[in-house]
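Observations on the three-dimensional arrangement
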Amino acid sequence: PRYTLYIFAVVLVSTAVANTWYVGTLFQSGTVNKMWPVKLLRLTVASTVTIYFSSVFKWLMIPMDCLVSDATEPFSSYIHGPGAPCTPFGMPEVLITAPSLLLA
């Protein structure tokens, strides 16, 4: 269940970033024939920044929770099996940790 929230946060923030880039290129070219990208940008940014900001930030940090707290099972245990040490910057965990740091 925790990693479902992580995936939701990554999709939400990635959508906002990609749509920001797309709307920026539309405005730069001077041809805005469709308004749905602008409305989607407004919805994703408004929901991410105002409603979900602290939750999304916390969800993006799920792969690195084990560095701060021992209360949660580390992400490494899902890859290497139960009892694995907390290594969010080891391989292959860094493939999940790096995008989290970039999006946060």
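Residues numbered from 1 in each chain as written. Predicted model: local features only at pLDDT ≥ 70, side-chain atom pairs only at ≥ 80, totals over all residues. Heavy atoms only, no water.

What follows deals with the nonpolar core. One broad trend across soluble globular proteins is that nonpolar side chains are buried collectively. Counting residues in each nonpolar core, the largest one holds twelve residues, listed as Y3, Y6, A9, L12, V13, V56, W59, L60, M61, I62, M64 and F75. Ranked by residue count, the leading element in this core is helix α1 (residues 2-29), at five residues. Apart from residues no more than four positions distant in its own chain, Y3 is found in contact with I62, E73, P74, F75 and Y78. (Core = buried A, V, L, I, M, F, W, Y, C linked by side-chain atoms within 4.5 Å. Buried < 20%, exposed > 50% of the residue type's maximum accessible area, 1.4 Å probe, protein only. Helix = DSSP H or I, 4+ residues; strand = E, 2+ residues; numbered from the N terminus. Contact = heavy atoms within 4.5 Å.)

Time to look at the confidence of the model for the protein chain. Scored by pLDDT, the protein chain comes out at a mean of 79, with 97% of its residues at no less than 70. Model confidence for the protein chain, summarised as mean pLDDT per element, is weakest for helix α4 (residues 76-80) at 74 and strongest for α1 at 84. (pLDDT = per-residue confidence, 0-100.)

This part takes up the side chain of T44. Tracing the backbone shows T44 in helix α2 (residues 36-51). By relative accessible area, T44 is classed as buried at 5%. At a separation of 3.2 Å, a polar atom in the side chain of T44 contacts the main-chain carbonyl oxygen of L41. Those residues in contact with T44, other than ones at most four positions away along the chain, are T15 and A16. (Polar contact = N/O pair within 3.5 Å; in protein donor to acceptor, adjacent residues only side chain to side chain.)

All right, on to the side chain of N19 then. With respect to the element layout, N19 can be found in helix α1. Exposure remark for N19: the relative accessible area of 6% places this residue in the buried category. In this view, N19 contacts P37, L40 and L41; residues no more than four positions away in its chain are not counted.

Look at α1 against helix α5 (residues 94-103): their axes get within 11 Å of each other, and the N-to-C directions meet at 50 degrees. By the angle class used here, α1 and α5 are oblique. In the crossing of α1 with α5, the sense of the turn from one axis to the other is left-handed. Across the interface between the two elements, Y6, V10, V13 and S14 from α1 touch I96, S100 and L103 from α5. (Axes fitted to C-alpha atoms, helices over the stretch in contact; angles between N-to-C directions. Parallel < 35°, antiparallel > 145°, perpendicular 65-115°, else oblique. Left-handed = near helix turned anticlockwise from the far one by under 90°.)

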